[in-house]
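Spelled out from the first residue to the last, the chains are:
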Amino acid sequence: MDYVYIGRVANTHGVRGGLKIFPTTDEPMRFKMLDEVILEDLKGNDKSYKILDVKFSGKLVILQLEGVTDMNQAQMMKQQIVKIPKEWALPLEENEYYVQDLVGLEVYENDVKIGVMKDVMFTGANDVYVIELDDGRELLLPYIEECVLGIDLEANRMDVHIMKGLL
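Quick caveat: nothing in here was measured; it's all calculated off a predicted structure.

Comments concerning the overall build of the chain
Moving on, step 1. Scanning the chain for helices and strands turns up 2 helices and 12 strands.
Moving on, step 2. Starting at the N terminus and ending at the C terminus, the chain contains elements arranged as β-β-β-β-β-α-β-α-β-β-β-β-β-β.
Moving on, step 3. On the principal axes, the C-alpha backbone points of the chain span a range of 55 × 30 × 30 Å.
Moving on, step 4. Expressed as a percentage of contacts within the chain between residues at least 6 apart in sequence, the contacts between residues at least 24 apart total 49%.

Structure below.
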């Protein structure tokens, strides 16, 4: 089954097992439409949880999940990925992508392969693409039209321009 990542557990909330979720979806309100979510731990193990309550605090989503009843349980879930089956996902707009579809893309500048897309950081202003360069260094590339020139999922390719000062 294919999944869509919609958030990451940032921290605990309160003493009754609440979780602060940093949403990786453009529509955090979509959490209100869900009855359950799947949490993937740091070892890649999945566990499904029924959602009991959804609240919002600034940019964070506060989830109360069935079976998570105290801060100690919630503490063990920090950094876990929140995901849903892909068929539950909202449709994408033009030039929108699921994070997991971008990870692994080969990255090119001027038709020369420079590295591989490793991760996406959600900063608020714009996303930042984490690219592992072929020489072992890491490039943090802002997702702005001056830097990301094109993405072709079928060709497994991203074309970029590295602005002066980014390396």
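More follows now that the structure is in view.
Describing the layout of surface pockets
Moving on, step 1. If you add up the space inside the largest pocket, you get close to 730 Å³.
Moving on, step 2. If you trace the largest pocket, you find 33 residues lining it, with Thr 24, Thr 25, Asp 26, Glu 27 and Phe 122 closest to the centre.
Moving on, step 3. Mapped by element, the contributors of at least two residues to the lining of the largest pocket are strand E1 (3-13), strand E2 (18-23), helix H2 (99-102), strand E8 (112-122) and strand E9 (127-133).
Moving on, step 4. A breakdown of the residues in the lining of the largest pocket according to their chemical character gives 19 nonpolar, 7 polar and 7 charged.
Moving on, step 5. Forming the boundary of the second largest pocket are 17 residues, of which Arg 8, Thr 24, Asp 119, Val 120 and Phe 122 lie nearest the centre.
Moving on, step 6. Contributions of two or more residues to the lining of the second largest pocket are made by E1, H2 and E8.
Moving on, step 7. Residue composition of the lining of the second largest pocket, grouped by class: 10 nonpolar, 4 polar and 3 charged.

What to know about the environment of Met 71
Moving on, step 1. Of note, Met 71 is situated in helix H1 (residues 71-75).
Moving on, step 2. The exposure class of Met 71 is partly exposed, given its relative accessible area of 36%.
Moving on, step 3. Considered as a pair, Met 71 and Glu 154 are 83 residues apart in the sequence and their alpha carbons are 44 Å apart.
Moving on, step 4. Setting aside chain neighbours within four positions, we find Met 71 in contact with Thr 12, Gly 14, Val 15 and Gly 17.

Topic: the confidence of the model for the chain
Moving on, step 1. Here the chain averages 91 in pLDDT, and 99% of its residues register 70 or above.
Moving on, step 2. Ranking the elements of the chain by mean pLDDT puts H2 last with 84 and strand E7 (residues 106-109) first with 97.

Criteria and cut-off values
Residues numbered from 1 in each chain as written. Predicted model: local features only at pLDDT ≥ 70, side-chain atom pairs only at ≥ 80, totals over all residues. Heavy atoms only, no water. Helix = DSSP H or I, 4+ residues; strand = E, 2+ residues; numbered from the N terminus. Contact = heavy atoms within 4.5 Å. 1 Å grid on protein atoms, 1.4 Å probe; cavity = no way out; pocket = protein on both sides within 12 Å on 5 of 7 lines; lining within 4 Å. Points joined across faces, edges and corners; volume = space filled by probe spheres on them. Nonpolar A, V, L, I, M, F, W, Y, C, P; charged D, E, K, R; others polar. Buried < 20%, exposed > 50% of the residue type's maximum accessible area, 1.4 Å probe, protein only. pLDDT = per-residue confidence, 0-100.

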